[in-house]
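# Summary of the model geometry
One-letter residues, chain by chain:
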There are 2 protein chains.
Amino acid sequence: MELNERKLQILQAIVADFIYSAEPVGSRTISRKYDMGLSPATIRNEMSDLEEMGYLTHPHTSAGRVPSDKAYRLYVDQMMRSSELPDERKMMISRSLNETAAELDRTIEKAARLLSEITNLVSFAITPSSSESRLKYINLLPVDERTVVLMIVSDDGQISNTAVKLGCHYTEENLRIMSRVMTHNFMGKTVSDVLTMDIIETLKNDLSALDRLTGAVVPSFMQTLEKMLDVDLYMDGYTNILSMPEYSDVEKARNFLNLLQQKDHITSVLVNRDNGLIITIGDENSELKDCSLITADYRVNGRLVGKLGVIGPTRMRYSEISSVIKYMTDNISKTFEITGDSTE
Amino acid sequence: MELNERKLQILQAIVADFIYSAEPVGSRTISRKYDMGLSPATIRNEMSDLEEMGYLTHPHTSAGRVPSDKAYRLYVDQMMRSSELPDERKMMISRSLNETAAELDRTIEKAARLLSEITNLVSFAITPSSSESRLKYINLLPVDERTVVLMIVSDDGQISNTAVKLGCHYTEENLRIMSRVMTHNFMGKTVSDVLTMDIIETLKNDLSALDRLTGAVVPSFMQTLEKMLDVDLYMDGYTNILSMPEYSDVEKARNFLNLLQQKDHITSVLVNRDNGLIITIGDENSELKDCSLITADYRVNGRLVGKLGVIGPTRMRYSEISSVIKYMTDNISKTFEITGDSTE
DNA sequence: GTTAGCACTCTTTGCTCTGGAGTGCTAACA
DNA sequence: TGTTAGCACTCCAGAGCAAAGAGTGCTAAC
């Protein structure tokens, strides 16, 4: 059977209607609301065909039709026209995001919040992993008798620090030497490179006199580097799902929320998605079968890539939401593209 | 009317039963389950008295009785016997908390998670404000041409850093001078003290040659100090509320969740609570009238005070939950009481 | 190829009825 | 005088049922 122009039109109308109403769409509704000069009976025939082709389903005999995942896929790929955001919304977004533009983490957090407020969906954002960041300084600073602070500054302006509790005493001179040696050895190398090196071995020659200090600091050093490999996950808008007809059943809502709580899982899903504006629908998500995800990436220093997106029922305003996400990620990329450029 | 021994016994039975069942308790239930040699009729009479005295309420004529806030208060103050945690639970808690004992933030986060898992309630924890911490070092470190890192180390081992984007260039020598001058001027002073000083004025003499750098750094310095005054709030176990009969209505659940999302509000409620193990019930909470809160404080460096607690319906296992919270806060206090003591 | 008409299906809503749980009162009992 | 058995009464929850409404699928006519 062929998917002719008229079938497409009808399918589009059904999808559009269902996205807003969340109710199965009947032939009469389409005939009335979307004036295409066809009687309900004709539309019924077409709907029947569309169902046979797998684009529509039927909750029960006397209910209207509901779009299938396949229908949404078609809608997203061929029928959806990208919607331009109204200027006031653009301005609102830019303003909100630029308020905190100095720090990536806070901007990302803000973006997630804003996104869930605008879309009424659950939003999430991940920060880029710093695996490709290059180390710039390593600094050990005294705190008290037995505690020092290990500070790592990387070339993209990220700073990580950890308190290190030593089992021994130290002198400030020793800290200075060790800072210098470590900086000298690791400067310019990426985080992942350093982690594959035999760090103790590398430092051995220069620091033979400082065995105990080295032994105490290196594990913390490695831990901190490992932490830099991790990505942070922000999520927002959990409560929105309680307003969706799809989750009016508390049991379902709880299951979904519990799934979303598994941050490690969500993170890995996000990290493994392709870059660009990506829309995955229903079954296309290995888990989360009843959901759609829209994500887009943003760039930091033209290199590191984080992601921003939403998750919600397959019944989703794909076009509008894509535009919002795209606008936000572009905005963030612009702000953080080149370090030090966006002086206030 | 007098609240005699028998009335107390009956009330205790009703409270205990309702805490577990969440169903209004009838006279027959009490007579059967809590063998006190009284017929349902007698118990009915006593219940009627208790209702008149304000300890019980009556959803409708033919329903059982439900304890009032006043009853819970009495229960907590006089009838509840403090429950000792089983050893395995104690061990589990200690082990979990000590895994990450190096850093306060992560321990607190872990504690909140653990608490919500154990109690099936919404848990929260706030970190202490650093207002009384004394500054130890102030350090400016170069990142790139126009960016430096401002790092503040305080005597309790906390480290705060901020990236500062300068409008001008700098030399490393200038950074060193400025670090030294700032450290010299502010070392040993508390965060709140420094914030009340006229910082520019204080630095003017020593840094007259570095006007532009000072102008760029001081605002960031103040911002960072202000951030140190803030307390962090962790919450966990949101989804638990969807399992409570009190919130089986999605509408109610949503309202409650929305309330909990207002982190500023929750934070201020927590900060303003007294120290020690505090239980507030229903009406005693200005907002959150249908809820009870249990909180306890923990100490860091014998001085700074953070809090850990739960929020849930007034129907709550007060005794057991208090014990868990108490045990956790004691554990945290012990770990962080004296800096540098808990060497691994 | 399109459409009007109609029988049929299924859900939703409102209504009534019934059983069960529980109270409150009264009168009898110890 | 306190306790208890008995009973009428209340209210809710659930079952069953009818009617209304929305929608389909089929057929026959246009």
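Okay, so let's go over this structure. For clarity, every value in this text was computed on a predicted model and none was experimentally measured.

## Examining the protein's contact with DNA strand D
The environment of DNA strand D is made up of 22 residues, and the closest members are A:S27, B:R6, B:T42, B:T61 and B:S62. Backbone sugar and phosphate groups make up 69% of those atoms of DNA strand D lying within 4 Å of the protein. A distance of 3.3 Å separates a phosphate oxygen of DNA strand D from a polar backbone atom of B:S39. B:R44 has a polar side-chain atom sitting 3.4 Å from a base oxygen of DNA strand D. Breaking the surface near DNA strand D down by element, the ones donating at least two residues are α2 (27-33) and α3 (40-52) of chain A together with α3 (40-52) of chain B. Considering each element in turn, the surface near DNA strand D owes the most residues, 4 residues, to α3(B). The residue inventory of the surface near DNA strand D, partitioned by class, reads 4 nonpolar, 14 polar and 4 charged.

## Quick look at the interface of chain A and chain B
Interfaces are often sized by the accessible area lost when the parts come together. With 39 residues of chain A at the contact, the number on the chain B side is 39 residues. Of the roughly 3400 Å² buried between chain A and chain B, counting both surfaces, carbon and sulfur atoms make up 60%. Applying the counting rule to chain A against chain B returns 0 salt bridges. Put simply, chain A and chain B have 6 residue pairs in polar contact (both at pLDDT 80 or more) between them. Of the residues assigned to the side of chain A that touches chain B, the class counts are 15 nonpolar, 16 polar and 8 charged.

## Regarding the pattern of salt bridges
Residue and element names in this part refer to chain A. The tally for this structure, following the rule as stated, stands at 32 salt bridges over all chains. R73 is the salt-bridge partner of D77, the closest N and O atoms lying 3.1 Å from each other. With D77 and R73 both in helix α4 (residues 69-79) and 4 residues apart, this pair spans about one turn of that helix. For D77, a relative accessible area of 52% translates into the label exposed. Owing to a relative accessible area of 23%, R73 belongs among the partly exposed residues under this scheme. With a closest N to O distance of 3.2 Å, D330 and K326 form a salt bridge. Taken as a pair, D330 and K326 lie in helix α13 (residues 318-336) at a separation of 4 residues, close to a single helical turn. Using a relative accessible area of 36% as the deciding quantity, one classes D330 as partly exposed. Among the charged side chains, a salt-bridge network with shared partners connects R6, K7, E46 and D49.

## A closer look at the relation of the copies chain A and chain B
Structural alignment of chain A on chain B gives an RMSD of 0.1 Å, achieved by rotating through 180° and translating 0.0 Å along the axis. Expressed as a symmetry operation, the mapping of one chain copy onto the other fits a two-fold axis. Identified as the residue of chain A closest to the rotation axis by C-alpha distance is A:V250, at 3.2 Å. A shared interface surface links the copies, since 100% of the contact residues of chain A are contact residues in chain B too.

## A short note on the protein's contact with DNA strand C
Near DNA strand C, the surroundings consist of 21 residues, among which A:R6, A:T42, A:T61, A:S62 and B:S27 are the closest. Counting only the atoms of DNA strand C that lie within 4 Å of the protein, the sugar and phosphate share comes to 69%. Between DNA strand C and the protein, one listed contact pairs a base oxygen with a side-chain N or O atom of A:R44 at 3.3 Å. A distance of 3.5 Å is found between a sugar or linking oxygen of DNA strand C and a side-chain nitrogen or oxygen belonging to A:H60. Sorting the residues of the surface near DNA strand C by element identifies α3 of chain A together with α3 of chain B as the ones contributing at least two each. Sort the elements by how many residues they give to the surface near DNA strand C and α3(A) lands first, with 4 residues. Counted by class, the surface near DNA strand C contains 4 nonpolar, 13 polar and 4 charged residues.

## Observations regarding the layout of surface pockets
Taken as a whole, the second largest pocket spans an internal volume of roughly 840 Å³. Taken together, 25 residues line the second largest pocket, and the ones lying closest to its centre are A:N139, A:L141, A:R176, B:N139 and B:L141. The dominant element in the lining of the second largest pocket, judged by the number of residues it contributes, is helix α7 (residues 172-186) of chain B, at 7 residues. Partitioned by chemical class, the residues of the lining of the second largest pocket number 12 nonpolar, 7 polar and 6 charged.

## Here we look at helix α10 (residues 211-229) of chain A
Residue and element names in this part refer to chain A. Taking 1.5 Å per residue, 19 residues should reach 27 Å; α10 reaches 27 Å between its end C-alpha atoms and fits that length. Buried within α10 are the following residues: L213, T214, V217, V218, S220, F221, T224, L225 and M228. On the buried face of α10, the contacting elements are β4 (135-144), β5 (147-154), β6 (159-165), α7 (172-186), α8 (191-196) and α9 (199-207).

## Notes on α7(A)
Residue and element names in this part refer to chain A. Over its 15 residues, α7 extends 21 Å from the first C-alpha to the last, a length consistent with the 21 Å expected when each residue adds 1.5 Å. Restricting attention to buried positions, one finds in α7 the residues L175, M178, S179, V181, M182, T183, N185 and F186. In this structure, the buried residues of α7 make contact with β4, β5, α8, α9 and α10. A positive phi of about 85° marks G188, the residue just after α7.

## A word on the packing of aromatic side chains
Residue and element names in this part refer to chain B. Using the criterion set out here, one finds 6 aromatic pairs over all chains in the structure. Judged by centre distance (5.8 Å) and plane angle (50°), the ring pair of Y72 and Y318 falls under tilted. Here Y72, found in helix α4 (residues 69-79), pairs with Y318, found in helix α13 (residues 318-336); they are 246 residues apart in sequence, far enough to count as distant. Pair check on accessibility: Y72 and Y318 agree, each one buried.

## Describing the sheet that holds strand β5 (residues 147-154) of chain B
All names here are of chain B. A sheet is described by the order of its strands in space; here 3 strands give the open sequence β4-β5-β6, paired in antiparallel fashion. A single partner strand is all that each edge strand has here, and the edge strands are β4 (135-144) and β6 (159-165). Put simply, the sheet's adjacent strands are angled 20° from each other on average, direction ignored. The sheet contact formed by β4 and β5 spans 8 bridges and is antiparallel. Bridging from a neighbouring strand, P142 pairs with V148 of β5. Across the sheet, α7 lies against β4 and β5, angled at about 165° from β4, the strand it touches most.

About the criteria used
- Residues numbered from 1 in each chain as written.
- Chains lettered and ligands numbered in written order.
- Predicted model: local features only at pLDDT ≥ 70, side-chain atom pairs only at ≥ 80, totals over all residues.
- Heavy atoms only, no water.
- Near = heavy atom within 4 Å.
- Polar contact = N/O pair within 3.5 Å; in protein donor to acceptor, adjacent residues only side chain to side chain.
- Helix = DSSP H or I, 4+ residues; strand = E, 2+ residues; numbered from the N terminus.
- Nonpolar A, V, L, I, M, F, W, Y, C, P; charged D, E, K, R; others polar.
- Contact = heavy atoms within 4.5 Å.
- Buried area = accessible area lost by both parts, 1.4 Å probe.
- Salt bridge = Lys/Arg side-chain N within 4 Å of Asp/Glu carboxyl O.
- Buried < 20%, exposed > 50% of the residue type's maximum accessible area, 1.4 Å probe, protein only.
- Least-squares fit on C-alpha atoms with pLDDT ≥ 70 in both.
- 1 Å grid on protein atoms, 1.4 Å probe; cavity = no way out; pocket = protein on both sides within 12 Å on 5 of 7 lines; lining within 4 Å.
- Points joined across faces, edges and corners; volume = space filled by probe spheres on them.
- Expected span 1.5 Å × (residues − 1).
- Phe/Tyr/Trp six-rings, centres within 6.5 Å; stacked < 30°, edge-to-face > 60°.
- Pairing = 2+ DSSP bridges.
- Axes fitted to C-alpha atoms, helices over the stretch in contact; angles between N-to-C directions.

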